[in-house]
Amino acid sequence: MKRLAVYLVCAAMSLLWACSPYKPLATPSGRPEVTIEGVTCPEVVTALAEGALDQGWEIKEQSDVALAIVEKYEKVHLSAQESPSPLVMLVFNCISKPGCVRVFANSKKYYSSATQNDRTEQTTERHAQGLQQTLDSLVSVLAERKKPHPASALPHPAAKP
């Protein structure tokens, strides 16, 4: 779970400071995505939410098939009278397919203050590599969760050999 949280931070950092132009990724859509076998959309969303909360992100919206997270306001200096600096919003969407889940990631600049309504602006796609690393880490995290616990391999105390 720690690795997933680190990649969430890396995705946010690459969004804010990356300077290289977007190059399509080697995925079916050319955007950050993974296909994970043997899981459900709610399991994916839960794993992403846990990793985000562990790193101090706030959940903006959550459903069985999507998760939107934003940086906590304490992490960014905002003034109610000035135009606020944008926060980073990461959005994850799941599509359930037979035997697998396809997960897509995107990020946006998110603005919110006392003087403005919440609004988002699409960011450039320079951060795609960081988001792809986050999704690749998610695959590893979910695979670890599916491994049988060593205690479950032990015979039940009442079982006779």
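The structure displayed is predicted, hence computed values, not measured ones. (Residues numbered from 1 in each chain as written. Predicted model: local features only at pLDDT ≥ 70, side-chain atom pairs only at ≥ 80, totals over all residues. Heavy atoms only, no water.)

**Things to note about helix H2 (residues 41-54)**
For H2, spanning 14 residues, the distance from its first C-alpha to its last is 20 Å, which sits close to the expected 20 Å at 1.5 Å a residue. Among all positions in H2, only Cys 41, Val 44, Val 45, Ala 47, Leu 48, Ala 49, Gly 51 and Ala 52 are buried. Gly 56 lies just past H2 and shows a positive phi near 85°. (Helix = DSSP H or I, 4+ residues; strand = E, 2+ residues; numbered from the N terminus. Expected span 1.5 Å × (residues − 1). Buried < 20%, exposed > 50% of the residue type's maximum accessible area, 1.4 Å probe, protein only.)

**A word on the environment of Val 65**
Of note, Val 65 is situated in the loop between strand S2 (57-62) and strand S3 (66-71). Judged by relative accessible area, Val 65 falls into the partly exposed class, the value being 42%. For Val 65 and Thr 40, which are 25 residues apart along the polypeptide, the C-alpha to C-alpha distance reads 9.1 Å. Aside from chain neighbours lying at most four places away, what touches Val 65 is Cys 41, Val 45, Phe 92, Asn 93 and Cys 94. (Contact = heavy atoms within 4.5 Å.)

**Section: the side chain of Glu 33**
Along the chain, Glu 33 falls in strand S1 (residues 33-37). Within the structure, Glu 33 has its side chain in polar contact with the side chain of Ser 29 (distance 2.5 Å). (Polar contact = N/O pair within 3.5 Å; in protein donor to acceptor, adjacent residues only side chain to side chain.)

**Description of the pattern of salt bridges**
Counted under the stated rule, the structure contains two salt bridges. Between Glu 50 and Arg 145 there is a salt bridge, with its nearest N and O atoms 2.3 Å apart. Of this pair, Glu 50 sits in helix H2 while Arg 145 sits in helix H3 (residues 128-146), and the two are 95 residues apart along the sequence. Here Arg 145 falls in the partly exposed class, since its relative accessible area comes to 39%. (Salt bridge = Lys/Arg side-chain N within 4 Å of Asp/Glu carboxyl O.)

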